[in-house]
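Listed here are the chains, written in short residue letters.
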Amino acid sequence: MSQAQEDEAYVLHSRPWRETSLLLEVITANHGRLGLVARGARRGKGQAGVLQAFHFLQLRWSPRGELHTLIGAEEIEPLRLPASILPAALYLNELLLNLLARHDECGPVYSIYHHALRRLQAAAALEPVLRDFELDLLDALGFGLTLDKECLDGAAVDPGLWYLYQPRQGLIKIPETVENAMLGHICLAIAARDWSDSATRRAAKRLLRRVLDVHLGQRALRTRELLRGLARMQQRKDRASVEDHGSEASSPQ
Amino acid sequence: MSITPLLEQLIEALRCQPGVGPRSASRIAFHLLERDRHKALHLAEILRQAVERLGHCEQCRNFSETPLCSICSDPRRQSDLLCVVENPAQLAAMDHAIHFRGRYHVLMGRLSPLDGIGPEELGMDRLEQRLREGEIKEMVLAISPSVEGEVTAHYISEMAHPFGVRVTRLAQGVPMGGELESLDSGTLTRAFELRREY
């Protein structure tokens with residue numbers, strides 16, 4: 001039998017498996033994304049409470065084939081996200097589950113994810129965390145976006161001109177605005193991760209959605225749908241509240 | 001032993017049950033055919049009837065043979081108190097253990113986008129419709145405290161907001177007979193946060 005391995009990890013997803021077990025998808029610091037079976041975890045004093053999504057754990061497993069067997073799990077530090085943040089945090093997990101295959105080496109992705117969860121826990125504004133995560137994740141997977149130079153001749157982006165981002169290629173200067181076009185100063189703000197302007201945040205959300213959809217192929221993200229539903233309810237709430245200050249009601253994903 | 005095509009089909013069909021793999025399926029098939037042909041016919045007949053006649057209650061989505069289930073059509077039940085549960089087993093447990101006298105709404109699952117279960121799959125629009133009808137004053141969320149359970153509870157409480165319904169959730173903490181030192185940190189943290197005057 002192969003030797004047990006150990007690493008720190010986050011649970012991305014946990015689902016019931018057979019009568020009393022759990023099937024876990026985890027992302028580890030040094031072993032990439034793994035599938036683990038936690039035998040008997042749903043029995044009486046099992047570890048189902050610990051083996052929940054977003055829990056930061058020290059895991060031990062015995063490697064075998066596609067699905068490894070979990071031997072031990074201990075919580076390193078409790079990380080509790082408020083219920084209102086969970087849908088957005090699940091969006092991060094769904095992206096990782098769709099863009100990383102089991103056993104993939106995923107280099108810096110673990111620390112990018114770790115960092116994003118810490119920011120969510122610290123109640124940082126949602127949109128910048130999600131946009132930074134998407135940009136960092138694309139970078140780490142080798143699909144990084146260049147938004148300060150044109151893709152054809154490497155010319156610096158002019159803040160006052162119109163550009164179009166072509167997924168898998170890059171920025172192209174265009175004579176006039178078309179659908180999905182962005183002004184140069186917006187491209188530069190996204191490249192600099194300056195999220196102070198709401199126009200930049202909106203453009204970045206649209207842009208990243210387009211780029212991610214290319215890599216996700218036909219797979220529609222179900223967390224987007226959930227976030228949209230919640231955003232609609234929030235919008236309704238805002239409208240109903242007396243101190244309505246015309247806030248933009250769009251989902252953060 | 002040689003497996004005839006029909007036997008093979010039976011084993012394959014038995015595997016549709018959760019937790020039944022090829023070995024259990026052949027064990028069940030051999031048992032039914034060798035020892036209990038009579039019961040096997042009975043099982044087949046009941047299964048057919050159940051599939052044909054059991055639908056969902058129009059009001060609470062629980063399994064029912066009639067358009068309205070026995071709880072929803074019981075006039076002695078309080079109609080302003082609604083308990084939201086995940087499945088029929090939880091409904092039975094609640095009804096039995098605490099003699100709950102209100103009505104129920106059975107979600108038949110939890111919001112779990114990563115498993116492809118969204119608001120639509122859980123018929124959230126039906127629950128929203130019940131809230132909109134205006135009779136419900138309090139809604140008790142009896143939903144498991146997992147990540148998916150938290151998301152579900154959050155979604156429902158947001159949905160209830162415009163209707164001015166009081167939303168409560170079952171308390172979480174130390175189980176009866178539970179020993180503190182063997183509790184996981186999440187449960188203990190929650191029990192501490194939700195401590196109350198004694």
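Our subject is the structure that appears above.
Quantities reported herein were computed from a predicted structural model and do not represent experimental measurements.

Calculation notes
Residues numbered from 1 in each chain as written. Chains lettered and ligands numbered in written order. Predicted model: local features only at pLDDT ≥ 70, side-chain atom pairs only at ≥ 80, totals over all residues. Heavy atoms only, no water. Helix = DSSP H or I, 4+ residues; strand = E, 2+ residues; numbered from the N terminus. Buried < 20%, exposed > 50% of the residue type's maximum accessible area, 1.4 Å probe, protein only. Contact = heavy atoms within 4.5 Å. Areas by Shrake-Rupley, 256 points an atom, 1.4 Å probe, with all protein chains shown as cover. Lys, Arg positive; Asp, Glu negative; His and termini not counted. Charge placed at Lys NZ, Arg CZ, Asp CG, Glu CD. Buried area = accessible area lost by both parts, 1.4 Å probe. Salt bridge = Lys/Arg side-chain N within 4 Å of Asp/Glu carboxyl O. Polar contact = N/O pair within 3.5 Å; in protein donor to acceptor, adjacent residues only side chain to side chain. Nonpolar A, V, L, I, M, F, W, Y, C, P; charged D, E, K, R; others polar.

(A) Region of the structure containing the overall build of chain A. On a plain count of helices and strands, chain A comes out with six helices and eight strands. In chain A, the succession of helices and strands from N to C terminus is β-β-β-β-β-α-α-α-β-β-β-α-α-α. Counting every position in chain A, which comprises 253 residues, the buried fraction comes to 48%. A separation threshold of at least 6 residues defines the contact pool for chain A, and within that pool the share at least 24 residues apart is 56%. In the form shown here, chain A has an accessible surface area of approximately 12,000 Å², with 49% of it arising from carbon and sulfur atoms. Both charge centroids of chain A, one from 32 positive and one from 31 negative side chains, sit 8 Å from each other.

(B) Here's a closer look at the interface of chain B and chain A. Taken together, the 28 residues of chain B in the interface contact 30 residues of chain A. Summed over both partners, the interface of chain B with chain A comes to about 2,400 Å²; 63% of that surface belongs to carbon and sulfur atoms. Scanning the region where chain B abuts chain A turns up four salt bridges. Put simply, Glu121(B) and Arg222(A) hold a salt bridge, and the shortest N to O gap is 3.0 Å. For the interface between chain B and chain A, the tally reads seven residue pairs in polar contact (both at pLDDT 80 or more). For the side of chain B that touches chain A, the elements supplying multiple residues, two or more each, are helix H6 (147-160) and helix H7 (185-193) of chain B. Per-element accounting of the side of chain B that touches chain A gives the leading share, eight residues, to H6(B). Looking at side-chain class alone, the side of chain B that touches chain A contains 11 nonpolar, 10 polar and seven charged residues.

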